[in-house]
Amino acid sequence: MANRSHAHPQASDGPAPTSKRDVLRSAQRVLAILDLLARMPGGLTVRAVSRLLQINISTCYHSLNTLQAAGYIERLPSGHYVLGPQIPYLNDAYLRTLTWEWPVPAADPSENGRAVSPPPVQQPSLLQRLRPILHSLSERSQETAYLAGWRYGEVELQAIVEPAHAERIPGIYIGYRGQAHAHALGKVLLAYSSPAFVEDYLARHTLIRLTQRTIVERSLLCEELDTVFHQGYSIDREELHPGTICLAAPVRDAQGRVRAAIAISFRSDQFSRHGEWLTSQVLRAARQASAELRLSRHR
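Let me begin by describing the structure that accompanies this report. (Residues numbered from 1 in each chain as written. Predicted model: local features only at pLDDT ≥ 70, side-chain atom pairs only at ≥ 80, totals over all residues. Heavy atoms only, no water.)

**Some thoughts on the sheet that holds strand β7 (residues 234-237)**
Here is the rule we go by: Should DSSP find at least two bridges between two strands, the strands are taken to pair. Here a helix means four or more residues in a row that DSSP labels H or I, a strand means two or more in a row labelled E, and each is numbered from the N terminus. For helices, the fitted axis covers only the stretch in contact; all axes are lines through C-alpha atoms, and the angles between them, taken along N-to-C directions, range from 0 to 180 degrees.
Strand order in the open sheet made by the 5 strands is β6-β5-β9-β8-β7, with antiparallel pairing throughout. Bordering the open sheet on either side are β6 (154-161) and β7, each of which pairs with just one other strand. Strand-to-strand twist across the sheet, computed as the mean angle between neighbouring axes with direction ignored, equals 25°. When strand β8 (residues 244-252) meets strand β9 (residues 258-267), the two strands line up antiparallel, connected through 9 bridges.

This is the structure:
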């Protein structure tokens, strides 16, 4: 792997590994129910939830009633349970965290020398500064545009801008994390990370095969990251989802560090006809985003 030191994302900010003894089974059940209902927009009956999750029917009723009382699910007249009004509240609260800039923790003598995190600063965030460029990229290309960055040692999707006709890749949403080896945004952010971080990332993550084209051999992935680093952009050739290609390029700050990645996705049949032009549009947007970060430093 090439000797890279353009970015040094921190993996130590994430939560510590949790012992199985620290996990409440009742909490696991209700979270499993929420996850299941999130994948079933039409809702499910209590018997369907019980069968799919292999939960005793009586226990399933208690779990559903608890979630319903708290507003996390609703029971329709048909008897089907769907996600409730508390879910949008949590989603909105999560999205608001993306609009705050979090300073790097520093040692504070008033805290007995321990490293403490200063409060977030209300100033234009990376997302706020780059959102207009995402909209412009989506409008020019008539494809879905994305922004991703590092958060707690994981690649996190932080923005999606879709044209009216777009079909979203299944399972992709704002806040999506993981599987960096399988999509263009992740490969860009890994390619411009330090070799030591990449080694640590690969040690912590299994290279899961999501499609027939997903790169799951570590040596091949490292070769791919070298290619991305030298050509300045990455291509996900149906590695995350069949029939979908994604192009991504790095966004640099005033110090030349890669702070984020910007991308578009489109049907695979588009690449043979418009691949060169689409690549140029992503690179143009990445240059504009980098220029915005350089300018914002002096504002």
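On we go from here.
**Looking at empty space enclosed by the protein**
The line we're drawing: The distinction between a cavity and a pocket rests on a 1 Å grid over the protein atoms alone: a 1.4 Å probe fits inside a cavity but cannot get out, while a pocket stays open yet meets protein on both sides within 12 Å along at least five of seven lines, and a residue with an atom within 4 Å of a point counts as lining. Grid points are joined across faces, edges and corners, and a volume is the space filled by probe spheres set on the points.
Summed over the entire model, instances satisfying the criterion amount to 1 cavity of 30 Å³ or more. What the largest cavity holds in volume is close to 160 Å³. Residue lining of the largest cavity: 16 residues in total, with L157, I172, H183, L185 and L240 positioned closest to the centre. Counting residues per element, the ones that place at least two in the lining of the largest cavity are β6, α6 (184-191) and β8. Per element, the largest residue contribution to the lining of the largest cavity is 3 residues, and it comes from β6.

**So, helix α7 (residues 195-204)**
Stated formally: Each residue gets one of three labels from its accessible area relative to the maximum for its type: buried under 20%, exposed over 50%, partly exposed in between, using a 1.4 Å probe on protein chains only. What the arc describes is the spread of directions from the helix axis to the C-beta atoms. Residue contacts are defined here by distance: any two heavy atoms, one from each residue, within 4.5 Å place the two residues in contact.
Taken as a whole, α7 has its buried residues at F197, V198, Y201 and L202. One side of α7 carries all its buried residues, which in axial view fall inside an arc of 130°. In α7, the exposed residues that point more than 90 degrees away from the buried face are A196 and A203. Residues of α7 that are buried sit in contact with β5 (144-151), β6, α6 and α8 (218-231).

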